[in-house]
Amino acid sequence: MVRSKTNRVITKVVYHAVCLLLCVVMLYPLLWMVFSSFKETNAVFTTAADLLPEHWTLDNYINGWRGFLSTSFGVFFKNSLFVTVLATVGAVFSSVVIAFGFARLKFRGSKLWFACMMLTMMLPFQVLMVPQYLLYNKLGWVGTYLPLIVPFFFGQGFFIFLDVQFIQGIPRELDEAARIDGCSTWGLFLRVILPLVVPALVTSGVFSFIWRWEDFLAPLLYLNRVPSYTMAIALKMFSDPTAQSDWGAMFAMSTLSLVPAFIIFAMFQKYLVEGIATSGLKG
Amino acid sequence: MRKTNGRPQYSMRQNLEGYSFIGLFVIGFLAFTVIPIGTSLVLSFTKYDILSPPQFVGLDNFVQMFTGDHQFWVSFGVTLFYVIVSVPLRLAFALAVAMLLQKTTKLTTFYRAAYYLPTIIGSSIAISVVWRQMFSADGLLNSIINKIFHTQINISWIGGEKTAIWTLIILAIWQYGSSMLIFLSGLKQIPKELYEAADIDGASKVRSFFRITLPMLTPVVFFNVIMQLIQGFMTFTQSYVITQGMPMDKTLFITVYVYRNSFTYYKMGYGCAIAWFLLIFMAVITALLFKSSRSWVFYQAEGGD
């Protein structure tokens, strides 16, 4: 089939026009949030239909940063970073250790535990909400960061699964060569496999960072003092209609809360895309 | 439980080594999943307000739930409606956009990132805050409508009994990104020869979509449906933050209802009972889907697990 050149150009233009239009629809709410945060606070809604601010200002960021109940957003930001980094490190490294066991070793009960692991991926957190709260309450963990961090040091189903998929793609000849060289199982894992699964670790790390950063329910349940709040819960309190009506500041802090996720996304989006594709497809 | 019917016997050393790796998972699974689930089941037969010890009440919670609690049925109905409407729409969008992105151009990476971004940040509080303002009386939607059509609309979409749930459904559809990526890699695995053969036979594009693309994608569709259903039933933040269940409980998702009973009214036993009902309901739905999959999911003879 031979198509004329003009025809091909038109098809191309239409294709990109459709794709770009979709981009605008998809990104408009985000752009609106970002640009509104630079509008004068009383202009946010009177000029809601205009995307760009008439008068650019940083006042919203200065006012918003002060936070509430004499706790600034700097504190919330630091709290979020603390919880997110620790939980992510725990989830990434515990998951890969567990995944190696499932992917490479033969032992009694491995199939059963693997099935249990798959089950945890489908088990909704909300069903465990009450009894977990009671457990942490009994341990004296409520009001501390422990419930937001400790459970992640025992592996997370999605990441274990991702790592298992990845490790199974590594040729077994490498294992045999290492064994012949006198490597123990742990030596094999640490020296041979671990360096090779770095891409899977990056994918898990990026997902974990964004999920932990955005997590709302767990901080809502377990954090009860304002100075210990993470970004998500602080932003919720800050934006409650009864609490205040400084819309500009609200948009500014919302924008700010997304900055870490944006940066991580921009840097690692290739890993995210591949992570979703592999773990999703082979399920 | 020693099985000798042809199964391999593992040495003590193999077992010790195996558990030195997966031991963390076993401990975590028992402590943070099995024990809480068991506790939850026991508590669902009790009255428990955390201050005084649990009181055994038999099936009272379940009887109350099914016969005496109008709000429970409202929230169950709302959740069901939300899932039944948003999951197919989201998947349809995901598939349509995935097909659009199948063609590789210089801008493909950019498009893919732009379409996926809302999904990755969609459940954050920031987006909930923005969503509330977009659909409020003087929010983005009305402002744009008024500007284009020179009207004076000031309906609160968030506050309307009929419209509130739709603002949440739109939010759900907006986040089609993960399903899109999964569809996209599924599409790439369909052998090109199939399309070429269809082309030679003179099949139209529409026909090859229904005869080749869709059947070849059914395993991916199946996986997506299950994951999205679970995610849909578990939606919490959106209902809790954006609409707070209002107006008139028209957006009161069942997860928020569990939360309220357990942590606002301190009816923890009752909260557990509802959570268990939800768990069983979802397990049944998933089982039915798996059962039905034999008749509509197409697995290639080669290259399966």
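Residues numbered from 1 in each chain as written. Chains lettered and ligands numbered in written order. Predicted model: local features only at pLDDT ≥ 70, side-chain atom pairs only at ≥ 80, totals over all residues.

1. A closer look at the overall build of chain B
Okay, step 1: Within chain B, the secondary structure is distributed over 13 helices and two strands.
Okay, step 2: For 305 residues, the compact-globule estimate of 2.2 N^0.38 gives 19 Å, and chain B exceeds it by more than 25% at 24 Å.
Okay, step 3: Considered along the principal axes of its C-alpha atoms, chain B spans approximately 75 × 75 × 35 Å.
Okay, step 4: Each of the 305 residues in chain B was classed as buried or not, and the buried ones make up 36%.
Okay, step 5: Nonlocal contacts in chain B, meaning residues at least 24 apart in sequence, comprise 67% of its contacts between residues at least 6 apart. (Helix = DSSP H or I, 4+ residues; strand = E, 2+ residues; numbered from the N terminus. Rg over C-alpha atoms; globule rule 2.2 N^0.38 Å. Buried ≥ 20, exposed ≤ 12 C-beta atoms within 10 Å, placed from the backbone. Contact = placed C-beta atoms within 7 Å.)

2. Digging into the overall build of chain A
Okay, step 1: For chain A, the helix and strand inventory stands at 13 helices and zero strands.
Okay, step 2: Secondary structure elements of chain A occur, N-terminal to C-terminal, as α-α-α-α-α-α-α-α-α-α-α-α-α.
Okay, step 3: For 283 residues, the compact-globule estimate of 2.2 N^0.38 gives 19 Å, and the C-alpha radius of gyration of chain A, at 24 Å, exceeds that figure by more than 25%.
Okay, step 4: Judged by the C-alpha coordinates and their principal axes, chain A covers about 75 × 70 × 35 Å.
Okay, step 5: Residue pairs in contact within chain A that sit at least 24 positions apart in sequence constitute 75% of those at least 6 positions apart.

3. With respect to the domain arrangement of chain A
All names here are of chain A.
Okay, step 1: Taken as a whole, chain A is organised into domain 1 (5-63) and domain 2 (67-281).
Okay, step 2: Look at where the C-alpha atoms of domain 1 and domain 2 centre, and you get two points 32 Å apart.
Okay, step 3: The interface of domain 1 with domain 2 comprises twelve residues on the first partner and eight residues on the second.
Okay, step 4: Of all the elements in the fold, those that place two or more residues in the side of domain 1 that touches domain 2 are helix 1 (5-36) and helix 2 (59-65).
Okay, step 5: Class assignment of the residues belonging to the side of domain 1 that touches domain 2 gives a composition of five nonpolar, five polar and two charged. (Domains from an automatic or database assignment. Nonpolar A, V, L, I, M, F, W, Y, C, P; charged D, E, K, R; others polar.)

4. What about the interface of chain B and chain A?
Okay, step 1: The interface is formed by 67 residues belonging to chain B together with 66 residues belonging to chain A.
Okay, step 2: Ranked by the residues each element gives to the side of chain B that touches chain A, the list is headed by helix 1 (residues 12-43) of chain B, at 20 residues.
Okay, step 3: The class makeup of the residues in the side of chain B that touches chain A is 44 nonpolar, 18 polar and five charged.

5. Some words on the confidence of the model for chain B
Low pLDDT means the predicted atomic positions in that stretch should not be read closely.
Residues and elements named next belong to chain B.
Okay, step 1: Taken as a whole, chain B shows an average pLDDT of 84; of its residues, 96% reach a score of 70 or greater.
Okay, step 2: Averaged pLDDT values over the elements of chain B bottom out at 81 in helix 11 (residues 237-243) and peak at 91 in helix 3 (residues 70-101).
Okay, step 3: At the level of chain-chain contacts, confidence expressed as ipTM amounts to 0.83, with global pTM at 0.86. (pLDDT = per-residue confidence, 0-100.)

6. Quick look at the environment of B:K267
Residue and element names in this part refer to chain B.
Okay, step 1: Structurally, K267 can be placed in the loop between helix 12 (254-264) and helix 13 (268-296).
Okay, step 2: With 19 C-beta atoms counted inside 10 Å, the residue K267 sits in the partly exposed group.
Okay, step 3: Residues K267 and K47, 220 residues apart in the sequence, show an inter-C-alpha distance of 7.0 Å.
Okay, step 4: Those residues in contact with K267 that sit more than four places away from it in its chain are N261 and S262.

7. Details of the nonpolar core
Okay, step 1: Core analysis: the biggest nonpolar cluster contains 143 residues, and A:I98, A:A99, A:F100, A:L235, B:M180, B:F183 and B:I274 have the highest contact counts within it.
Okay, step 2: Per-element tally for this core: the top contributor is helix 3 (residues 73-104) of chain A, with 14 residues.
Okay, step 3: Residues within four places of B:M180 in sequence aside, it is in contact with B:A94, B:V97, B:A98 and B:Y115. (Core = buried A, V, L, I, M, F, W, Y, C linked by C-beta atoms within 7 Å.)

8. Things to note about unusual backbone geometry
Okay, step 1: With phi around 75°, B:I50 is a residue other than glycine that occupies positive phi space.
Okay, step 2: The residue B:I50 is located in the loop between strand 1 (46-47) and strand 2 (55-56) in this model.

9. Some thoughts on the packing of helix 5 (residues 125-139) of chain A against helix 13 of chain B
Okay, step 1: At a minimum axis separation of 9 Å, helix 5 of chain A and helix 13 of chain B run at an interaxial angle of 155°. Considering their axes alone, helix 5 of chain A and helix 13 of chain B lie roughly antiparallel with respect to each other. Regarding helix 5 of chain A and helix 13 of chain B, the two cross each other, and that crossing is left-handed. Touching A:Q126, A:V127 and A:V130 of helix 5 of chain A are B:M268, B:G271, B:C272, B:A275, B:L278 and B:L279, all from helix 13 of chain B.
Okay, step 2: A breakdown of the residues in the contact of helix 5 of chain A with helix 13 of chain B according to their chemical character gives seven nonpolar, two polar and no charged. (Axes fitted to C-alpha atoms, helices over the stretch in contact; angles between N-to-C directions. Parallel < 35°, antiparallel > 145°, perpendicular 65-115°, else oblique. Left-handed = near helix turned anticlockwise from the far one by under 90°.)

10. Re helix 5 of chain A
Okay, step 1: With 15 residues, helix 5 of chain A should reach 21 Å at 1.5 Å per residue; the first-to-last C-alpha distance of 19 Å fits that figure.
Okay, step 2: Three or more residues of helix 5 of chain A are buried, namely A:Q126, A:V127, A:L128, A:M129, A:V130, A:P131, A:Q132, A:Y133, A:L134 and A:Y136.
Okay, step 3: Residues of helix 5 of chain A that are buried sit in contact with helix 6 (146-149) and helix 11 (217-222) of chain A together with helix 1, helix 12 and helix 13 of chain B. (Expected span 1.5 Å × (residues − 1).)

11. Quick notes on the environment of B:A273
Residues and elements named next belong to chain B.
Okay, step 1: With respect to the element layout, A273 can be found in helix 13.
Okay, step 2: In this structure the C-alpha to C-alpha distance between A273 and V42, which are 231 residues apart in sequence, comes to 9.3 Å.
Okay, step 3: Sequence-distant contacts of A273, that is, excluding residues within four places in its chain, are made with S44, N61, F62 and M65.

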